[in-house]
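Secondary and tertiary structure notes
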Amino acid sequence: MQRTPSRVMNIAHDHDALTPRAVIRRRLRVVAVVATLALLASACMTKQQQEAFELVLRSRDSHGVSALDWSKRAQDKAQAWAEYLAKKGSLEHSNLLSGLDGIGVRAVAENIGYAGSIRDVHEAFMRSPSHKANILGNYNHLGVGVAKSGGRVYVVHVFLLV
């Protein structure tokens, strides 16, 4: 399997240059991410789903965007779609609102992709302007699905604004 080359940039933050208020906001975001990850560990998520969810949270945090809450309905939808894509061996978007009625969804978005690993899929999402816009978008809930087939890992994100 040939791996697609990726480009990585490191960003250093000079904490001395941050105002006290900015330092507090940053620490609160880190606490929120840790608390969310603890919740995920107790939720019904697989290790692979937790990894995909954590990568989204870390990307949002590194861009100064608030964390997302986990949504069981979005999770169930994302997982079922990831399994469907893996079985079919191709990519296509789902009917976005199917299965999400009755929970007051104001906006919904979906990322779908596959690569050799969850991290590779996430990096590809972050290189794509439209996928990155979903990851950093004005949503407050997320469900992720992960399925494997034929050396590929399929990842589905379902973003909700409720």
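The following refers to the structure shown.

Summarising burial for strand β4 (residues 152-161): nine of the ten residues are buried, a large majority. As paired elements, strand β2 (residues 107-115) and β4 share nine bridges and run antiparallel to each other. The partner of Ala109 across the bridge, within β4, is Phe159. As defined by bridge partners, strand β3 (residues 141-149) adjoins β4 across nine bridges and the pair is classed as antiparallel. Paired with Lys148 across the strands is Val153, a residue of β4. Linkage of β3 to β4, two consecutive antiparallel strands, is achieved through a turn of two residues, within which Gly150 is found at a positive phi near 55 degrees.

With that settled, the discussion passes to the environment of Leu68. Positionally, Leu68 belongs in the loop between α2 (47-62) and β1 (69-70). For the pair formed by Leu68 and Tyr139, sequence separation is 71 residues and the distance between their alpha carbons is 7.2 Å.

Turning our eyes to something else, we now look at α2. In this model, α2 (16 residues) spans 22 Å end to end at C-alpha, consistent with the 22 Å of a helix rising 1.5 Å per residue. Taken together, the buried positions of α2 are Gln49, Ala52, Phe53, Leu55, Val56, Leu57, Ser59, Arg60 and Asp61. Within two residues after α2, Gly64 carries a phi angle of roughly 70 degrees, on the positive side.

This paragraph deals with the packing of aromatic side chains. According to the stated counting rule, one finds three aromatic pairs in the structure shown. Centroid distance Tyr114 to Tyr154: 5.2 Å. Interplanar angle 45 degrees. Geometry classified as tilted. Remark: Tyr154 occurs in strand β4 and Tyr114 occurs in strand β2; sequence separation between them is 40 residues. Pairing Tyr139 with Phe159 gives two aromatic rings, centres 5.6 Å apart and planes at 35 degrees, and the pair type is tilted. Of this pair, Tyr139 sits in the loop between α5 (129-135) and β3 while Phe159 sits in strand β4, and the two are 20 residues apart along the sequence.

What follows deals with the side chain of Ser59. By the element assignment, Ser59 lies in helix α2. Of the residues examined, Ser59 reaches a relative accessible area of 10% and is grouped as buried. Excluding residues within four positions of it along the chain, Ser59 makes contact with His122, Met126, Ile135 and Leu136.

Considering all chains together, one arrives at three salt bridges under this definition. A salt bridge links Glu54 to Arg58, with the nearest nitrogen and oxygen atoms 2.0 Å apart. Separated by four residues within a single helix, Glu54 and Arg58 lie in helix α2, roughly one turn from each other. In this structure, Glu92 engages Lys88 in a salt bridge whose closest nitrogen and oxygen atoms are separated by 2.3 Å. Judged by its relative accessible area of 28%, Glu92 falls in the partly exposed class. For Lys88, a relative accessible area of 44% corresponds to the partly exposed category.

About the criteria used
- Residues numbered from 1 in each chain as written.
- Predicted model: local features only at pLDDT ≥ 70, side-chain atom pairs only at ≥ 80, totals over all residues.
- Heavy atoms only, no water.
- Buried < 20%, exposed > 50% of the residue type's maximum accessible area, 1.4 Å probe, protein only.
- Helix = DSSP H or I, 4+ residues; strand = E, 2+ residues; numbered from the N terminus.
- Pairing = 2+ DSSP bridges.
- Expected span 1.5 Å × (residues − 1).
- Phe/Tyr/Trp six-rings, centres within 6.5 Å; stacked < 30°, edge-to-face > 60°.
- Contact = heavy atoms within 4.5 Å.
- Salt bridge = Lys/Arg side-chain N within 4 Å of Asp/Glu carboxyl O.

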